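# Structure at a glance
Listed below, chain by chain, are the residues.
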Amino acid sequence: MSMGIASFLSQSKRNLITDMSAPQAMSAMFQSFLGEYNDRAMDNTWLALSQQFKQFWNERILSADPAPISDSDCDDIVRILDRNGKGNTKNSEAVAKAMVPQGAWRRMFNEFHANQKLGALVYQILGEAERDRKALLIDELYKINAGQRNNLTGPSGNTVGAFLAAYDPINNLSMISLNDRRAIIEFLDLPVPFDWDTASIGTRITESNTVILEGIRAQGLQGSARTLTRFFYSPAIQALWKGQHTVKRTDKKVSVTVPTVPDDETDVADDSGSVRESMQIQGLIAKIGTKMGFTIWLPKADRGRVLKVWHAQAGELVEELPLGYDATTMKTIEQIDVIWLRNRSIVRAFEVEHTTSVYSGLLRMADLVALQPNINIKLHIVAPAEKREKVLQEIQRPVFSLLEGRALAEMCTYLSYDNVIEIGELKHLAHLSDKVIEEYEESAE
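Definitions and limits used
- Residues numbered from 1 in each chain as written.
- Predicted model: local features only at pLDDT ≥ 70, side-chain atom pairs only at ≥ 80, totals over all residues.
- Heavy atoms only, no water.
- Patch = residues over 30% accessible without salt bridge, like charges linked within 9 Å, V, L, I, M, F, W, Y side chains within 5 Å.
- Areas by Shrake-Rupley, 256 points an atom, 1.4 Å probe, with all protein chains shown as cover.
- Salt bridge = Lys/Arg side-chain N within 4 Å of Asp/Glu carboxyl O.
- Lys, Arg positive; Asp, Glu negative; His and termini not counted.
- Charge placed at Lys NZ, Arg CZ, Asp CG, Glu CD.
- Helix = DSSP H or I, 4+ residues; strand = E, 2+ residues; numbered from the N terminus.
- Buried < 20%, exposed > 50% of the residue type's maximum accessible area, 1.4 Å probe, protein only.
- Phe/Tyr/Trp six-rings, centres within 6.5 Å; stacked < 30°, edge-to-face > 60°.
- Lys NZ or Arg CZ within 6 Å of the ring centre and 35° of its normal.
- 1 Å grid on protein atoms, 1.4 Å probe; cavity = no way out; pocket = protein on both sides within 12 Å on 5 of 7 lines; lining within 4 Å.
- Points joined across faces, edges and corners; volume = space filled by probe spheres on them.
- Nonpolar A, V, L, I, M, F, W, Y, C, P; charged D, E, K, R; others polar.
- Expected span 1.5 Å × (residues − 1).
- Contact = heavy atoms within 4.5 Å.

## What to know about a negative patch on the surface
The grouping of Glu277, Glu386, Asp418, Glu422 and Glu425 at the surface amounts to a negative patch. Position of Glu425 among the secondary structure elements: in the segment after helix H19 (417–424).

## A look at the pattern of salt bridges
A complete count under the given rule lists 21 salt bridges for this structure. Between Asp71 and Arg106 there is a salt bridge, with the nearest N and O atoms lying 3.5 Å from each other. Residue Asp71 is found in helix H4 (residues 71–81), and its partner Arg106 is found in helix H5 (residues 102–114); the two are separated by 35 residues along the sequence. Asp71 gets classed as partly exposed once you look at its relative accessible area, which sits at 40%. A salt bridge links Asp76 to Arg79, with the nearest nitrogen and oxygen atoms 2.4 Å apart. With Asp76 and Arg79 both in helix H4 and three residues apart, this pair spans about one turn of that helix. It is possible to trace a salt-bridge network through shared partners that takes in Arg182, Glu186, Asp197, Asp302 and Arg305.

## Considering the packing of aromatic side chains
The tally for this structure, following the rule as stated, stands at 20 aromatic pairs. Here the aromatic rings of Phe231 and Phe232 are separated by 5.2 Å at their centres, their planes lie at 80°, and the arrangement is edge-to-face. Given a relative accessible area of 0%, Phe231 falls into the buried group. Taken together, Phe53, Phe56, Trp57, Trp105, Phe109, Phe112, Tyr123, Phe163 and Tyr167 form an aromatic cluster joined through their ring pairs. Here Lys54 stacks its cationic end above the ring of Tyr167, 4.5 Å away from the centre of that ring.

## A short note on empty space enclosed by the protein
With the rule as written, the count across this model stands at two cavities of 30 Å³ or more. Counted as a void, the second largest cavity has a volume near 50 Å³. Considering the residues around the second largest cavity, the lining is formed by Ile285, Ile288, Trp340, Phe350, Leu415, Val420, Ile423 and Ile437. Broken down by secondary-structure element, the contributors of at least two residues to the lining of the second largest cavity are helix H13 (274–291) and H19. A breakdown of the residues in the lining of the second largest cavity according to their chemical character gives eight nonpolar, no polar and no charged.

## Things to note about H5
With 13 residues, H5 extends 19 Å from end C-alpha to end C-alpha; this agrees with the ideal 18 Å at 1.5 Å per step. If you check which residues of H5 are buried, you get Gln102, Ala104, Trp105, Arg106, Met108, Phe109, Asn110, Phe112 and His113. Looking at the buried residues of H5, the elements they touch are helix H3 (39–61), H4, helix H6 (116–127) and helix H8 (158–167).

Pasting the structure below:
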């Protein structure tokens, strides 16, 4: 189990695991969870629900009867697939909150029924045992359904994931969101045998299921995919991998969440190749920093891609941040795109914007300032020239200007992609101070 888990667990207030290793601590928490969750009974319940789901598909969706499937028949299955399904109660069992409207489920089932080829393809995906073949079939489904607004093929894979979990809850995680799966993989520091950002949706869905199940079970946590999913969504564990922390304000304690996976927008490159370009800029900023004598921090989720651009030498890329902030602040800092470090101090931090909005980097910088009002770090938003006005305008929004301590605009400046490239082309970078950036940055004030 990763040092990240050990760090999180060591900061928890669970006295029973204080003196244990991270795997032992996780195992102890799992045993405590099983004391309240009857895994055998729940597995039997889910085998019955799975049989009901399969019967519906064979007898209603794939039926030769041309009559539409009634809403009531659809709703019985929606309640299995979606926690928000009409008629579900607090004690109902459902795969997950699928974020699909009730009417959309009904229309989807009837579309499968009317288009037998589509319905058969989805069912073929569910029954396919060979992972590579299953991934190819999912990719085929996404290709066939491209451009359709029927909630079937979204970037997070929720609907396909819900179908898979309902069909086989013993071997398919009911952790249906790819964003959540990626967060858990990174939290557990599990090795991934593919490049997440370039792999097809089918590969991400099938392989992430295997990576998580095998990774968890290798640490001694045994159980069905459904049981293990419920464990990771139990409040104590979910707070760890989802980045949920408690922050003490002057008047009370509040719960905050530190996002740990990229925005959905970053998963899809537009025609201009902006996502790929942003990785080149991220790598260039890292390269400039090392030439000036700094060590570099990159978010672990980005390293595989950035290191294709920037070939780090031994000792240039730090594996763990040598900082002493609280867990919430550390989780925020770890997500910053590039950090220049000198010894145990952050000198400059850079957020490279590549989404259609420019909020993700600004929000992360604002989170940092909100958590540490007295922090003294030079912050930079790096974005294409065409986003200059938007960045400078957004930095001065009231929510960023009324932060405790100092306004974000007093600490954070704008750098264009072109200026970063120009800095990278300067001669004798090794002999220049990082203050050279001040000649290229722009302030909102």
